[in-house]
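# Observations on chain architecture
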Amino acid sequence: MPVYEPWDAARGAQIIAEHTTLEGATLVILHALQEAFGYVPEPAVPMIASALNLSRAEVYGVFTFYHDFRHQPAGRHVLKLCRAEACQAAGGDALAARAEAKLGIAIGNTTADERVTLEPIYCLGLCATAPSAMLDGRLVGRLDEARIDALVAEAQR
Amino acid sequence: MNLRIFVSRDAGAVAVGADEVALALEQAAGKRGVDMEIVRTGSRGLYWLEPMIEVATPKGRVAFGPVTAADAASVLEAMISDGAHPLRLGIADEIPWLKRQTRLTCARCGVIDPRSVEDYRAHDGYKGLERALTLGSEAILADVTASGLRGRGGAGFPTGIKWKTVAQTSADQKYIVCNADEGDSGTFADRMIMEGDPFVVIEGMTIAGIAVGAAKGYIYIRSEYPHAIVAMNAAIAAARRAGYLGARVGGSAHSFDLEVRVGAGAYVCGEETSLLESLEGRRGIVRAKPPLPAHKGLFGKPTVINNVLSFAAIPFILAGGAKAYADFGIGRSRGTMPIQLAGNIKRGGLFEVAFGITLGELVDDVGGGTFTGRPVRAVQVGGPLGAYFPRELFDTPFDYEAFTARDGLIGHGGIVVFDDSVDMAKQARFAMEFCAIESCGKCTPCRIGSTRGVETIDKIRAGERVPENIAVVEDLCNTMKFGSLCALGGFTPYPVMSALKHFREDFGPAPARLQAAE
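Residues numbered from 1 in each chain as written. Chains lettered and ligands numbered in written order. Predicted model: local features only at pLDDT ≥ 70, side-chain atom pairs only at ≥ 80, totals over all residues.

### Concerning the overall build of chain B
What counts, and what does not: Only DSSP runs of H or I with at least four residues qualify as helices, and only runs of E with at least two residues qualify as strands; both kinds are numbered from the N terminus onward. Taken over C-alpha atoms, the radius of gyration is set against a globule rule of 2.2 Å times the number of residues to the power 0.38. Partly exposed residues are those whose C-beta has more than 12 but fewer than 20 other C-beta atoms within 10 Å; with 20 or more the residue is buried, with 12 or fewer it is exposed, and the C-beta atoms are placed from the backbone. We call two residues in contact when their backbone-placed C-beta atoms lie within 7 Å.
In terms of helices and strands, chain B carries 22 helices and 16 strands. Relative to its length of 518 residues, chain B is compact, with a C-alpha radius of gyration of 24 Å against a globular reference of 24 Å. C-alpha extents for chain B along the principal axes are approximately 75 × 60 × 40 Å. Across the 518 residues that make up chain B, the buried fraction comes to 58%. Excluding contacts between residues fewer than 6 apart, the proportion of contacts in chain B whose partners are at least 24 apart in sequence is 73%.

Printed below as a string of structure tokens:
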């Protein structure tokens, strides 16, 4: 389970300062903030803008364009299910429905107890060992009913 | 005795237990008191046999697979005694599936330690760069042009012409950009190369830098590939330490360095101009062309932007292989293509072969049909923007022009196999849905047309005015095809129209279709 720091403006400023000399640093900074805090806290947006001499709107636009960047913390565990064609061909749709039913949430949501966030991912590049999933950064291929059940149970612990 | 065992660290192998197998081997060796060294390689690409492990013997490497942690002890015994084992596959290089290939780009993948420059050099690595350093720009460009190499990302633009344009454009700064935003479902060749032979990508980009006069390169890797990001960063650090990147590349006067940048889950950033915007730290909105990236690319500077596989093909070509490369293939498709067999397929994996092999050979002979054992009904070639082909088109040779002539595309070389349980109207709907999710929003036909497409296909599936609504979808596809700047909006019509054309019986109310199937 990933462990994140609580948002702290001074720490945020330090992370931003580490990357401001890079060419086109916005995405690099957003990634670094998310790695530290688990999401990109809203107060960081004007801080990035000022550090990179951009408008807030520009930074906010980048932040919201990309699927990866979170606006609030995810659940304690993040289970990503590949929903792309190769996994569909290998029975991924039924397994995704099974995971949704077990967790009682639709893909794209977090359980009420904030333990599990279930997300779609469009291709992990494991298309020859499909269907595949990623639990907190750990890859799992050749999913079947038993394996998806085990993954869901692990995420709920 | 000293055992040298090779276990893949490729994400595809790790996802099916390679790390657990390596651990179990360590434990079994410790218990038995045998001296053993485990080398973590990339994957050979025989994914249905992963985790595949190999042991060095005087006859060559002997392979076993698919191995589970529970098999480790017995496999280790068989390795020590050179004895029989149900999972023994024989000499790895002699496995027919591997032997039948022409591995030029992926020659070292699964063979070498991807963290070791020495191992790379011991397997003909950096020979292309060494020769390139003696040649100079013009001769390098001549070799790339003579090889007939075309962009392996999907567009198939001649690489030599692209490089020459950048070389001839004068500027104070130029860039080499590697497009490793391999977002197409059914494709994993870029990932496999980056994890299994990252130095070949670095070498190819370095040669490009020397050819066009660029000193800085970026590799834009999608965030969905954490293992590839680690592997490329480790290889870049190793290449720097060995003097192959930095101020004096290979002891020459050329300077070239690389940096990995990570994407953030936007499929459209695989489109080259959108990728450049993203690298510049902006929203991945597609740019209009012209200007071409070769004239005004990254930060407005002349930029070579190529796919991982294009750069990975370069070292072989520059090591004196331009003619040999061009001798493979058919028509205007020269050389080899690392083809990826995926989805519902018995023997899925990476199959590098000269252009010209037919779709049917790939799916039936090489791939062995479906793993469910049911008949193959459709294959999607070229990712989410590629056409669905029925069995009637299995005689199509793998060639850029042959696929275009049949309203399809080879794209990045991925083939996703579906059995007869597939609902093609659902697949067409998914193509539109995916386009709606991933559209950057610049072009109206893509941004809005895709959502209207989902709605209209839903109406068809509900049995609502089917012929009229099919006409609407066709009209919509036409508008998207000709009214979008990039391939996302422009090519989403391929899967939709091909599904309509070849599988029309699926487009109607679902109950009627199920009755017809009974």
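### Some points on helix α12 (residues 272-279) of chain B
The element α12 of chain B is largely enclosed, with a buried count of 8 among its 8 residues. Looking at α12 of chain B, one finds that the buried residues are E272, T273, S274, L275, L276, E277, S278 and L279 of chain B. The inward-facing, buried residues of α12 of chain B contact α2 (26-37) of chain A together with β6 (175-180), β7 (216-221), β8 (257-262) and β9 (303-307) of chain B. A positive phi of about 90° marks G281 of chain B, the residue just after α12 of chain B.

### Describing the nonpolar core
Residues and elements named next belong to chain B. For clarity, the threshold we go by: Throughout this description, the term nonpolar core refers to a group of buried Ala, Val, Leu, Ile, Met, Phe, Trp, Tyr and Cys residues whose C-beta atoms join them within 7 Å.
Membership of the largest hydrophobic core comes to 224 residues, with the highest contact counts inside it found for V177, I193, V201, A208, V379 and I415. Tallying contributions element by element places helix α13 (residues 308-327) first for this core, with 12 residues. V379 has contacts with L359, V363, F389, I415, V416, V417 and F418, leaving out every residue within four places of it along the chain.

### Here's the deal with the interface of chain B and chain A
Counting residues at the interface gives 43 residues for chain B and 34 residues for chain A. Of all the secondary structure elements, the ones that give two or more residues to the side of chain B that touches chain A are α1 (11-14), α12, β12 (336-343) and β16 (414-419) of chain B.

### Points about the domain arrangement of chain B
Interface size is commonly expressed as the accessible surface area that is lost when the partners come together. Residues and elements named next belong to chain B. This is how the line gets drawn: Note that domain bounds follow an automatic or database assignment of domains. Classes in brief: Ala, Val, Leu, Ile, Met, Phe, Trp, Tyr, Cys and Pro nonpolar; Asp, Glu, Lys and Arg charged; the others, Gly included, polar.
Entries for chain B in the domain assignment read domain 1 (2-99), domain 2 (117-327), domain 3 (333-419) and domain 4 (424-515). In this structure, domain 2 and domain 4 have C-alpha centres spaced 35 Å apart. Classifying every residue of the side of domain 2 that touches domain 4 gives 6 nonpolar, 2 polar and 1 charged.

### Concerning the sheet that holds β6 of chain B
All names here are of chain B. This is how it is decided: Two strands are counted as paired when DSSP detects at least two bridges linking them. A fitted line through C-alpha atoms serves as each axis, taken over the contacting stretch for helices, and the angle formed by two N-to-C directions is quoted from 0 to 180°.
Across the sheet, which stays open at both edges, the 4 strands sit in the order β8-β7-β6-β9 with parallel pairing between neighbours. Each having just a single partner strand, β8 and β9 make up the two edges of the open sheet. On average, adjacent strands in this sheet sit at an angle of 20° to one another, irrespective of strand direction. Direction of pairing for β6 relative to β7: parallel, over a ladder of 6 bridges. Bridge pairing in β7 links I176 to G217. In this fold helix α10 (residues 198-212) packs onto β6, β7, β8 and β9, with an angle of close to 150° to the strand it touches most, β6.

### Quick word on the pairing of β8 of chain B
Residues and elements named next belong to chain B. Our working definition: We call a crossover right-handed when, viewed with both strands directed away from the observer, the connection leading from the first strand over the helix to the second proceeds clockwise.
Relative to β8, β7 is paired through 6 bridges, and the arrangement is parallel. Directly across from K216, in β8, lies its bridge partner D257. Assessed by its sense of winding, the connection that carries the chain from β7 through helix α11 (residues 226-241) to β8 is right-handed.

### Quick word on the confidence of the model for chain B
Here is the rule: What pLDDT conveys is the predictor's confidence in a given residue, as a value from 0 to 100.
Across chain B, pLDDT averages 96, with 98% of residues at or above 70. The ipTM assigned to the predicted complex is 0.97, against a pTM of 0.97.

### Some points on the environment of E119 of chain A
Residue and element names in this part refer to chain A. With respect to the helices and strands, E119 occurs in strand β3 (residues 116-121). Here the alpha-carbon distance between E119 and G108, two residues 11 residues apart in the chain, equals 4.7 Å. Once residues lying within four places of it in the same chain are set aside, the contact partners of E119 are V78, K80, I107 and G108.

### Digging into the domain arrangement of chain A
Once the domains are mapped, chain A shows domain 1 (9-65) and domain 2 (77-156). Summarising the inter-unit geometry, the C-alpha centres of domain 1 of chain A and domain 2 of chain A are found 30 Å apart.

### Section: the packing of helix α7 (residues 137-147) of chain B against α13 of chain B
Residues and elements named next belong to chain B. Put simply, the rule reads: In what follows, roughly perpendicular refers to angles from 65 to 115 degrees, roughly parallel to angles under 35, roughly antiparallel to angles over 145, and oblique to any angle outside these ranges. Helix crossings get a hand from a simple test, with the near helix turned counterclockwise from the far one by less than a right angle marking a left-handed crossing and a clockwise turn marking a right-handed one.
Put simply, α7 and α13 touch, their axes get as near as 8 Å, and they point 45° apart. On the basis of the axis angle, α7 is oblique to α13. With respect to the hand of their crossing, α7 and α13 are arranged in left-handed fashion. On the side of α7, the interface is formed by I140, D143, V144, A146 and S147, while α13 contributes I314, I317, L318, A322, K323, Y325 and A326. The residue inventory of the contact of α7 with α13, partitioned by class, reads 9 nonpolar, 1 polar and 2 charged.

### Quick look at the sheet that holds strand β1 (residues 77-82) of chain A
Residue and element names in this part refer to chain A. Sheet architecture is open: 5 strands sit in the order β2-β3-β1-β4-β5, paired in mixed fashion. What marks the edges here is a single partner per strand, and that holds for β2 (109-110) and β5 (138-140). Note: β2 against β3, 2 bridges, orientation antiparallel. Residue T110 lies in a different strand from β3, and its bridge partner there is T117. Relative to the sheet, helix α6 (residues 92-103) contacts β1 and β3, its axis offset from that of β3 by approximately 160°.

### Details of the packing of helix α8 (residues 159-168) of chain B against α10 of chain B
Residue and element names in this part refer to chain B. Closest axis-to-axis distance for the α8/α10 pair is 8 Å, and the angle between their directions is 45°. With respect to α10, the element α8 is oriented oblique. Across the interface between the two elements, W163, V166 and A167 of α8 pack against A208, A211 and V212 of α10.

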